[in-house]
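An overview of the molecular structure
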Amino acid sequence: MPDTAEDRLTLETTGRIAAVDAAAWDACAGPDNPFVSHAFLAALEESGSVGGEAGWLPRHLLLRDAAGTLLAAAPLYVKSHSYGEYVFDWAWANAYAQAGGRYYPKLQCAVPFTPVTGPRLLVRPDAPDPAALRQALAGGMIELAERAGCSSVHITFPTETEAQALGGMGLLTRLGTQYHWENRGYASFDDFLAGLASRKRKDIRKEREKAQATGVRLRTLTGAEITAAHWDAFFRFYRSTSDRKWGTPYLTRAFFDLLGERLGDRVVLVMGEDDGRPVCGALNLRGGDCLYGRNWGSLGEYRYLHFEACYYRAIDYAIEHRLARVEAGAQGEHKIKRGYLPQATWSAHWIADPALRGAVARFLRQETAMMQEEMADLCDLAPYRRGDGADDNT
């Protein structure tokens, strides 16, 4: 980094993203990924979805030049648990505790409750030496962890380029898997189906027919079409599904109002009504070239509606709006036969204790080999026709 007085950079932290100028933050974050935007992160904080009581204490990193211009930033949190991260380190925490160590607090560079790949080391596109600025941010996280007595730093769902750079700095990198749909220039949903093996086409058509046969009417809403009543209903779905699956909903009701108010044009909300009564919904956010599936909720068991609202309506929307892909969130091998194929995700980890770091490094070497083999096997399950000479009835 430059070491002259006038070029010296300053690294600082803030406990409130509202204290950072929104335009300056977004100049670093870029326009393509809504989850690292100032508006999204501020909605989490202002709604009480994150904060000390939630176990996500903001400590965002800011890197400024001598004139005070924000050149780079990173969304950063002090964590007292490992909930809401989608990259699971519970076993590491338990092993360390059994050995007499203290795993929490730790530092988490992430978008809370959001398993979406995107930039984590945010740098203005016109900033000098972006690689050095990213290295300064990562180094700042480690220094902060050491000063605060944190056991570790975890950067989850960075871009592959960021993960490689962090690995080059000595952080441990971890491979994960999600399921994404790729738009191959389809003109319609039927055009997409035409690229599938015959049996897979039939299965998807049957699922869509069964969803329609439930009598639930689905509508895709965005922007000003979404009212407070829609958010009231969706929050009920979200709470109901959270209660059934994992017990504690992360997001507050106020978050959805703020999301609609500040990022409404990015929201794509699929709502289902049964005889005029709202019964289910799927929340998506639109990025520069991608539709990101985020939350599904319902007031009952609507199996085929889940597939329709979350996967097929998302494909419909992407084709209509010429988006490059749909990212359907974490987990779910069942997505493969619906056209969503395995894609690599990444995380990077710095661990202070040499013994724990060595144990985790050995674990990750084994896990990575297994993940790579598993991804290759999963790709063989793809529903797409295999070349011009492939048997269309397989």
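Residues numbered from 1 in each chain as written. Predicted model: local features only at pLDDT ≥ 70, side-chain atom pairs only at ≥ 80, totals over all residues. Heavy atoms only, no water.

Let's shift gears to the packing of helix 7 (residues 198–213) against helix 10 (residues 303–320). The geometry of helix 7 relative to helix 10 is characterised by a closest axis approach of 9 Å and an angle of 115° between their N-to-C directions. Considering only the axes of helix 7 and helix 10, their crossing is left-handed. For the pair helix 7 and helix 10, contact is made by Ile204, Glu207, Arg208, Lys210 and Ala211 and by Tyr304, Leu305, Phe307, Glu308, Tyr312, Arg313 and Asp316, respectively. Residues belonging to the contact of helix 7 with helix 10 are distributed by class as follows: six nonpolar, no polar and six charged. (Axes fitted to C-alpha atoms, helices over the stretch in contact; angles between N-to-C directions. Helix = DSSP H or I, 4+ residues; strand = E, 2+ residues; numbered from the N terminus. Left-handed = near helix turned anticlockwise from the far one by under 90°. Contact = heavy atoms within 4.5 Å. Nonpolar A, V, L, I, M, F, W, Y, C, P; charged D, E, K, R; others polar.)

Here we take up the environment of alanine 211. Mapped onto the elements of the fold, alanine 211 is located in helix 7. Spatially, the C-alpha atoms of alanine 211 and proline 119 are 36 Å apart, while their sequence positions differ by 92 residues. Apart from the residues lying within four places of it in its own chain, the contact partners of alanine 211 are Tyr304, Leu305 and Glu308.

Let's shift gears to the packing of helix 2 (residues 38–46) against helix 9 (residues 253–263). The interhelical angle for the contact between helix 2 and helix 9, taken along N-to-C directions, is 155°, at an axis separation of 9 Å. Taken as axis vectors, helix 2 and helix 9 run roughly antiparallel relative to one another. Crossing handedness for the pair helix 2 and helix 9: right-handed. Along the contact surface, helix 2 presents Ala39, Phe40, Ala42, Ala43, Leu44 and Glu46, while helix 9 presents Phe255, Leu258, Leu259, Arg262 and Leu263. Tallied by class, the residues present in the contact of helix 2 with helix 9 amount to nine nonpolar, no polar and two charged. (Parallel < 35°, antiparallel > 145°, perpendicular 65-115°, else oblique.)

We now examine the nonpolar core. Residues Trp25, Phe40, Trp231, Phe234, Phe256, Leu259 and Leu283 are the most contacted members of the largest nonpolar core, which totals 44 residues. Among the elements of the structure, helix 1 (22–29), helix 2, strand 4 (70–74), helix 8 (228–245), helix 9, strand 11 (267–274), strand 12 (277–286) and strand 13 (290–298) are those that each provide at least two residues to this core. Setting aside residues no more than four positions away along its own chain, tryptophan 231 makes contact with Ile226, Arg253, Phe256, Asp257, Leu259, Gly260, Val267, Leu269 and Leu283. Listed in part, the 38 residues of the second largest apolar core include Leu193, Val270, Leu323 and Tyr384. (Core = buried A, V, L, I, M, F, W, Y, C linked by side-chain atoms within 4.5 Å. Buried < 20%, exposed > 50% of the residue type's maximum accessible area, 1.4 Å probe, protein only.)

We now examine a negative patch on the surface. Residues Glu333, Glu373, Glu374, Asp377 and Asp380 make up a contiguous surface patch of negative charge. In this fold, glutamate 374 is placed in helix 11 (residues 354–379). (Patch = residues over 30% accessible without salt bridge, like charges linked within 9 Å, V, L, I, M, F, W, Y side chains within 5 Å. Areas by Shrake-Rupley, 256 points an atom, 1.4 Å probe, with all protein chains shown as cover. Salt bridge = Lys/Arg side-chain N within 4 Å of Asp/Glu carboxyl O. Lys, Arg positive; Asp, Glu negative; His and termini not counted. Charge placed at Lys NZ, Arg CZ, Asp CG, Glu CD.)

Overall, the prediction assigns the chain a mean pLDDT of 93, with 95% of residues at 70 or greater. Every residue in residues 1–6 scores below 50 in pLDDT, and together they form nine contacts with partners more than four places removed in sequence or on other chains. The low-confidence segment residues 388–394, where pLDDT is below 50, has eight contacts with residues more than four positions distant or belonging to other chains. (pLDDT = per-residue confidence, 0-100.)

Our next topic: the sheet that holds strand 7 (residues 122–123). Whether parallel or antiparallel, the strands of a sheet pair through hydrogen bonds between backbone atoms. Sheet architecture is open: four strands sit in the order 1-3-4-7, paired in antiparallel fashion. Edge positions in the open sheet fall to strand 1 (10–14) and strand 7, since each of these has one partner strand only. Where strand 3 (residues 60–64) meets strand 4, four bridges bridge the pair, whose relative direction is antiparallel. Counterpart to leucine 61 in the pairing with strand 4 is alanine 74. Packed on one face of the sheet, helix 1 meets strand 3, strand 4 and strand 7 and runs near 75° to strand 4. (Pairing = 2+ DSSP bridges.)

Another aspect to go through is helix 1. Taken residue by residue, helix 1 has Trp25, Cys28 and Ala29 as its buried positions. All buried residues of helix 1 project into a common sector of 100° when viewed along the axis, lining one side. Lining the buried residues of helix 1 we find helix 2, strand 3, strand 4 and strand 7. The N-terminus of helix 1 is capped by aspartate 21, whose side-chain oxygen sits 3.2 Å from the backbone nitrogen of alanine 23. Immediately downstream of helix 1, the backbone of glycine 30 shows phi near 80°, a positive value. (Arc of directions from axis to C-beta. Polar contact = N/O pair within 3.5 Å; in protein donor to acceptor, adjacent residues only side chain to side chain.)

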